[in-house]
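Read off the chains here:
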Amino acid sequence: MLSLASKYIVQKISLLSFIVIFLSVNFLFPNTSCSYQLSPFSVNIIGNNEISVSASLSVEPKFVEDLREGMTKELIFYVDLFRVWNIWPDEFVKGKKIIKTLKSDPIKREYIAVSTEGNVSVEKRFKDIESMLSWSLNIIDIKISGIKDLEPGKYFIKVTAEATKKRLPPLIGYFLFFVSENEFSTSRNSQTFQLPKETAK
């Protein structure tokens, strides 16, 4: 016969096991009826020392609904320059990281987005959530400079967009260490382009 203390411990373990299994299913097998996607984008070489990149992200309805309910979202955009090699893996050369934090207050009808690139942050306020999303889901004319110092060769730009999930409680997170911390992550590559000798020097 189990003592009352033993029964209590067994019940707690059973409950914890159920929570872990439930969260595992939701984290490992999310709803895939919709998707997060980056639109095709072009790369513009400006002068002989800069590359300009613009891209747009589409999100699931649930992402928008979470914002409407007052949940804060953090989007991270990576704009990375790679060099193409025939035999070796593609080589990361340099890149930019842009963090966009989206906040909304359904009661006050306040919509605020903050874009941070390096040490520079820009805050914007919007009258509605659609305007905030229009600004936040697009990166415009992101510059990668210093290309005149690169060796001639084939290159491409990779844009990655991701958002982090709400952190799990420490105990649950300990059991779900294998689960990705990203709510989503999507990427797209540009077409390859040649940096000629006059551009690379």
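Residues numbered from 1 in each chain as written. Predicted model: local features only at pLDDT ≥ 70, side-chain atom pairs only at ≥ 80, totals over all residues. Heavy atoms only, no water.

1. What to know about the overall build of the protein
Across its full length, the protein holds five helices and eleven strands. Considering the protein as a whole, with its 201 residues, one finds that 33% of them fall into the buried category. Look at the contacts in the protein between residues 6 or more apart in sequence, and 65% of them connect residues 24 or more apart. Surface exposure of the protein reaches about 13000 Å², of which carbon and sulfur atoms provide 56%. (Helix = DSSP H or I, 4+ residues; strand = E, 2+ residues; numbered from the N terminus. Buried < 20%, exposed > 50% of the residue type's maximum accessible area, 1.4 Å probe, protein only. Contact = heavy atoms within 4.5 Å. Areas by Shrake-Rupley, 256 points an atom, 1.4 Å probe, with all protein chains shown as cover.)

2. Some thoughts on helix α3 (residues 129-136)
Listed in full, the buried residues belonging to α3 are I129, M132, L133 and S136. All buried residues of α3 project into a common sector of 95° when viewed along the axis, lining one side. Buried residues belonging to α3 abut α2 (61-68), β4 (73-83), β5 (91-105), β6 (110-117), β7 (120-126) and β8 (138-145). A side-chain oxygen of the first residue of α3 lies 3.2 Å from the backbone nitrogen of E130; this N-cap is D128. (Arc of directions from axis to C-beta. Polar contact = N/O pair within 3.5 Å; in protein donor to acceptor, adjacent residues only side chain to side chain.)

3. Remarks on the confidence of the model for the protein
The share of residues in the protein with pLDDT of 70 or more is 71%, and the mean pLDDT across the chain is 78. Across the protein, element-level confidence peaks in β4 with a mean pLDDT of 95 and bottoms out in helix α4 (residues 170-175) with 44. (pLDDT = per-residue confidence, 0-100.)

4. Points about the packing of aromatic side chains
Within the structure shown, the criterion is met by six aromatic pairs. Between Y36 and F184, the ring centres sit 3.9 Å apart and the planes meet at 5°, which makes this aromatic pair stacked. Remark: F184 occurs in strand β10 (residues 182-189) and Y36 occurs in the loop between α1 (4-28) and β1 (37-38); sequence separation between them is 148 residues. Of the residues examined, F184 reaches a relative accessible area of 7% and is grouped as buried. When the ring of F63 is compared with that of F184, the centres are 6.3 Å apart and the planes differ by 75°; the resulting orientation is edge-to-face. With F63 in helix α2 and F184 in strand β10, this pair connects stretches of sequence that are 121 residues apart. Exposure class is identical for F63 and F184. Each is buried. Members of the aromatic cluster, each reached through a chain of ring pairs, are Y36, F63 and F184. Here the basic side chain of K100 rests over the ring of W135, its NZ or CZ set 4.8 Å away from the ring centre. (Phe/Tyr/Trp six-rings, centres within 6.5 Å; stacked < 30°, edge-to-face > 60°. Lys NZ or Arg CZ within 6 Å of the ring centre and 35° of its normal.)

5. Details of the packing of α2 against α3
Two elements in contact, α2 and α3, have axes separated by 11 Å at closest approach and are oriented at 125°. With respect to α3, the element α2 is oriented oblique. The chirality of how α2 crosses α3 is right-handed. For the pair α2 and α3, contact is made by F63, V64, L67 and R68 and by I129, E130, M132 and L133, respectively. Grouping the constituent residues of the contact of α2 with α3 by class yields six nonpolar, no polar and two charged. (Axes fitted to C-alpha atoms, helices over the stretch in contact; angles between N-to-C directions. Parallel < 35°, antiparallel > 145°, perpendicular 65-115°, else oblique. Left-handed = near helix turned anticlockwise from the far one by under 90°. Nonpolar A, V, L, I, M, F, W, Y, C, P; charged D, E, K, R; others polar.)

6. Examining unusual backbone geometry
Glycine aside, residues mostly have negative phi angles, and peptide bonds mostly take the trans form. Backbone geometry places R109, a non-glycine residue, at a positive phi of 55°. Of note, R109 is situated in the loop between β5 and β6. Residue D141 is not a glycine yet carries a positive backbone phi of 50°. Here D141 is to be found in strand β8.

7. Quick look at α2
Taken residue by residue, α2 has F63, V64, D66 and L67 as its buried positions. Buried residues in α2, looked at end-on, bunch into an arc of 155°, giving them a common side. Residues of α2 that are exposed and angled more than 90 degrees away from the buried face: P61 and K62. One or two residues past the end of α2 sits G70, with phi positive at roughly 100°.

8. Details of the pairing of β4
Of all eleven residues making up β4, nine are buried, and the element is well covered by its neighbours. As paired strands, β4 and β5 are joined by eleven bridges and run antiparallel to one another. In the strand pairing of β5, D80 is matched with G95. Summarising the sheet, β4 and strand β9 (residues 153-164) pair through nine bridges and their orientation is antiparallel. Within β9, the position partnered with F77 by the bridge is A161. (Pairing = 2+ DSSP bridges.)

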